[in-house]
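Working through the structure, step by step
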Amino acid sequence: MKDEIKTLKGEEVKEECSTLSGIPLKPFYTPADIACLDYMRDLGLPGQYPYTRGIHESMYLARLWTMRLFSGFGTAAQTNKRFRFLLEEGETGLSVAFDMPTIMGYDSDHPRARGEVGLCGVAIDSLEDMEILFQNIALDQVTTSMTINAPASVLFAMYLVVAEKRGIPFDKLHGTIQNDILKEYIAQKSFIFPPKPSLRLVTDIIAYSTRHVPKWNPVSVSGYHMREAGATAVQELAFTLADGFTYVEATMEAGLDIDEFAPRISFFFNSHSDFFEEIAKFRAARRIWAREMKERYKAKRPESVWLRFHTQTAGCTLTAQQPENNIVRVAFQALQAVLGGTQSLHTNSMDETFALPSEKAATLALRTQQIIAYETGVANTIDPLAGSYLVESLTNRMEEEANKHFQEIGQRGGMLRCIEEGYFQKEIIQSARRYQEALERKERIIVGLNKYEHPEEKVIIPTLKVDPSVEKEQIRRLKSLKARRDNRKVEESLGTLREASRGRENVMPYVLDCVRNYATLGEIINVWREVFGQYREPVMY
Amino acid sequence: MSVMGNRPKVLIAKVGLDGHDRGVKVVVKALEEAGFEVYYSGLHQTPEAVVDKALELNVDLLGVSTLCGAHLTIFSAISKLLRQKGSRVKLFGGGIIPEADKKALRRMGVERIFSPGTPLREIVDFIRSICKEKRLPKITAQK
């Protein structure tokens, strides 16, 4: 095809174009490229199996995606203020970023927390902090997403008890906990316990949430972090869905019926820089999930096969050089997510290669979504790119490539085996290296980074500075809490949790009791460190 | 310099609770390909552990990656330990670090901070130049 164009017009054509995943691209696409596409079998109408065109019949015409900015820094009070600011500016859902000690299950007074309290997210040590975090926010009217994994049960329990103390029934709560531990071993590396007991904690949460908090998403199967770690779009798609299948199988093994829990499984994808490939990825994800859930796992309810997802624009594409360019990148990436039918969206701020978002940068990121929603008109038509020879062809190709990966994972003995052997980790870092090499050789251009550089330019954009007194303040409050609470009750509930954890019972009710007694995050996680042990990743690169 | 002769010897480390290791892993490979002798610490190290490792391996440089905002505490602890032990190991870093903090890090003895987007050859050149400088005092002393 390429040669023909050259001879017809006598023009030079760019050689060997390919997507970021390395899928070769033709100069143009024709009906021949989607000859095998059967409209009703492969696409269907929006809200119709296999849901390629969207899970809802009326998509954004009925309700826009949730504009949800990942936020958190300093103390619970400071983050609460940012939440309320964003809600006033038109944000439609909350998303909590916790600090590293919270993510790793350490209280603020632990030696390993030193210098890290409140820095990359909000510090939460106990129910008391959680109460402050959601002060003056109506938990029955907002949806809250919490990016928390190894200690997910504890933070989820804290949220539930805040609602309980305000008299809000659990079935009025909407939100998501990430609770996707498998991708922690693969990419984000915020694990505490070994994979097997971790998987049990995940299924305990799914089982409890399904029965007691029916509108909550107890897991958000995440490809975002794999992509940030260097995975291609194809790898992100395949490894994430494979994680999803693993949770489905583990929860079925724990005794739940697929149609009981599957409707509440949610997903989280990255929106990187390759415009059409990303849109194809989102569409393919919906189709693969629907097909597998129906055909392999025999789900019967339509909601059980829906792939509902949150999207975040790609942090790893932001540059420290000429940071204002990031605003433009984020806008395109956000547009891809919308054209791909996302349910919820975070747009990154231009300043994130330096620090957490400033209020001004976060507002601009929110405005970017609002401009897409209200000015561009793209939300007026459902799945507007359907039928594009290119997009449909890429969507098919993404599905084929993902299926190859599923086979490979199966042949290698399944997800846990692959994780323990470092298979995904190695695949992803190889992709990261290839990407970097392409940048160094200028085969891929990043504007302001390897073309149109201004190396002498001094970058001065205002960045957020977290008050260094946060750590002292957290430690002081922790001390005061421990003096005020009923320590006998704390010990008792921790003891009961320890026993339950040694057996096979669902641990969630016991975690809730510990939280009600104001046991701290660190105290609860220490019980599990003792019972389950700690995971150390083998050093590999 | 290392026993291997002119090959710069480098320890690349992840210190603190942050698990973002894409950058370090790409850098480690690039330094190996540049012909350096390179060691990687693995995740979640303490300042004490990496300083001990740096001294044990007798490296020329210690490079620390941090993406979660704890850079001031981490680098201050490491440079203090290096000074206490009278080490001549040169310290550099990379990650999510605001421009405004770079001066403070420089005062702590951090030779260079590489921000996201740095071409790998810049890091390679930096290490070569540091190793050259480290040998200079001996040469000038002979004059």
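Residues numbered from 1 in each chain as written. Chains lettered and ligands numbered in written order. Predicted model: local features only at pLDDT ≥ 70, side-chain atom pairs only at ≥ 80, totals over all residues. Heavy atoms only, no water.

Bringing the overall build of chain A into the picture now. The number of helices and strands found in chain A is 22 helices and nine strands. Taking 2.2 N^0.38 as the reference for a compact globule, 541 residues should give roughly 24 Å; the C-alpha atoms of chain A span a radius of gyration of 23 Å, in line with that estimate. A burial count over chain A gives 62% of its 541 residues as buried. In chain A, once contacts between residues fewer than 6 apart in sequence are set aside, the share between residues at least 24 apart is 78%. Carbon together with sulfur atoms contributes 52% to the accessible area of chain A, which is approximately 21,800 Å² in total. Taking the 67 positively charged and 73 negatively charged side chains of chain A as two groups, their mean positions are separated by 2 Å. (Helix = DSSP H or I, 4+ residues; strand = E, 2+ residues; numbered from the N terminus. Rg over C-alpha atoms; globule rule 2.2 N^0.38 Å. Buried < 20%, exposed > 50% of the residue type's maximum accessible area, 1.4 Å probe, protein only. Contact = heavy atoms within 4.5 Å. Areas by Shrake-Rupley, 256 points an atom, 1.4 Å probe, with all protein chains shown as cover. Lys, Arg positive; Asp, Glu negative; His and termini not counted. Charge placed at Lys NZ, Arg CZ, Asp CG, Glu CD.)

Residue and element names in this part refer to chain B. Spatially, β2-β1-β3-β4-β5 is the arrangement adopted by the five strands of the open sheet, whose pairing is parallel. Each having just a single partner strand, β2 (37-40) and β5 (110-114) make up the two edges of the open sheet. The sheet shows a mean angle of 20° between the axes of neighbouring strands, taken without regard to direction. As judged from the five bridges shared by strand β1 (residues 9-14) and strand β3 (residues 61-66), these two strands associate in the parallel manner. Its bridge partner being in β3, L11 is matched across the sheet by L62. (Pairing = 2+ DSSP bridges. Axes fitted to C-alpha atoms, helices over the stretch in contact; angles between N-to-C directions.)

All names here are of chain B. Contact pair helix α2 (residues 47-57) / helix α3 (residues 71-84): the axes reach a minimum separation of 9 Å and the direction vectors enclose 40°. One way to sum up the angle between α2 and α3 is to call them oblique. Crossing of α2 over α3 shows right-handed handedness. For the pair formed by α2 and α3, the contact residues are P47, E48, V50 and V51 on the first element and A77, I78, L81 and L82 on the second. Of the residues belonging to the contact of α2 with α3, the class tally is seven nonpolar, no polar and one charged. (Parallel < 35°, antiparallel > 145°, perpendicular 65-115°, else oblique. Left-handed = near helix turned anticlockwise from the far one by under 90°. Nonpolar A, V, L, I, M, F, W, Y, C, P; charged D, E, K, R; others polar.)

Enumeration over the complete set of coordinates arrives at 28 aromatic pairs over all chains. Residues F92(B) and F114(B) carry aromatic rings whose centres are separated by 6.1 Å and whose planes lie at 85° to one another, so their mutual orientation is edge-to-face. Placement of the pair is F92(B) in strand β4 (residues 90-95) and F114(B) in strand β5, with a sequence separation of 22 residues. A relative accessible area of 4% means that F92(B) is categorised as buried. Taken together, F245(A), F267(A), F269(A), F282(A), W289(A), Y297(A), F309(A) and F406(A) form an aromatic cluster joined through their ring pairs. One residue, K294(A), lies across the ring of Y49(A), its end atom 4.3 Å from the ring centre. For the cation-ring pair, R296(A) lies above F245(A), with the distance from its terminal atom to the ring centre recorded as 4.5 Å. (Phe/Tyr/Trp six-rings, centres within 6.5 Å; stacked < 30°, edge-to-face > 60°. Lys NZ or Arg CZ within 6 Å of the ring centre and 35° of its normal.)

The next point concerns the interface of chain B and chain A. Listed by partner, the interface residues are 36 residues for chain B and 41 residues for chain A. It is L17(B), R22(B) and K25(B) in chain B that bury the most area against chain A; as a group they hold 26% of the surface buried on that side. In this structure, D101(B) engages K465(A) in a salt bridge whose closest nitrogen and oxygen atoms are separated by 3.7 Å. Our enumeration of links across chain B and chain A arrives at nine residue pairs in polar contact (both at pLDDT 80 or more). Residue assignment for the side of chain B that touches chain A shows that the elements contributing at least two residues are α1 (22-33), β2, α3, α4 (99-107) and α5 (120-142) of chain B. If you tally residues by element for the side of chain B that touches chain A, the top one is α1(B), at six residues. (Buried area = accessible area lost by both parts, 1.4 Å probe. Salt bridge = Lys/Arg side-chain N within 4 Å of Asp/Glu carboxyl O. Polar contact = N/O pair within 3.5 Å; in protein donor to acceptor, adjacent residues only side chain to side chain.)

The subject of this paragraph is the pattern of salt bridges. Residues and elements named next belong to chain A. The full count for this structure, using the stated rule, is 46 salt bridges over all chains. With a shortest N-O distance of 2.3 Å, K26 and D33 are connected by a salt bridge. Assessed through its relative accessible area of 38%, K26 is described here as partly exposed. Judged by its relative accessible area of 16%, D33 falls in the buried class. We note a salt bridge from R485 to E523, for which the minimum N-O separation is 2.7 Å. Here E523 lies in helix α22 (residues 521-532) and R485 lies in the loop between α19 (470-484) and α20 (487-502), a separation of 38 residues in the sequence. Like E523, R485 is buried.

What follows is about the environment of E537(A). Counting through the fold element by element, E537(A) comes out in the segment after α22. With 346 residues separating them along the chain, E537(A) and F191(A) place their C-alpha atoms 9.2 Å apart. Those residues within four positions of E537(A) in sequence are excluded, and the remaining contacts are Y185(A), K189(A), F191(A), D21(B) and L43(B). Engagement of the side chain of E537(A) in a polar contact is seen with the side chain of K189(A), the distance being 2.9 Å.

With that out of the way, let us pick up the packing of α20(A) against helix α21 (residues 508-516) of chain A. Residues and elements named next belong to chain A. The contact between α20 and α21 brings their axes to 9 Å, and the two run at 165°. The angle between α20 and α21 places the two elements in the roughly antiparallel class. Considering the relative orientation of α20 and α21, their crossing is left-handed. Only Y510, V511, D513 and C514 of α21 make contact with α20, whose side of the interface consists of S493, L494, T496, L497 and A500. Here the residues of the contact of α20 with α21 are counted per class, giving six nonpolar, two polar and one charged.

Before going further, it helps to examine the pairing of β2(B). All names here are of chain B. The sheet contact formed by β1 and β2 spans four bridges and is parallel. Along β2, the bridge assignment pairs L11 with Y39. In this region the chain leaves β1, passes through α1 and returns to the parallel neighbour β2; the handedness of that crossover is right-handed. (Right-handed = clockwise from strand over helix to strand, strands pointing away.)

Attention now moves to the confidence of the model for chain A. Per-chain confidence: chain A averages 95 in pLDDT, with 97% of residues scoring 70 or above. Contacts of residues 1-5 of chain A to residues separated by more than four positions or lying in other chains number 13 contacts, the stretch itself having pLDDT below 50. (pLDDT = per-residue confidence, 0-100.)

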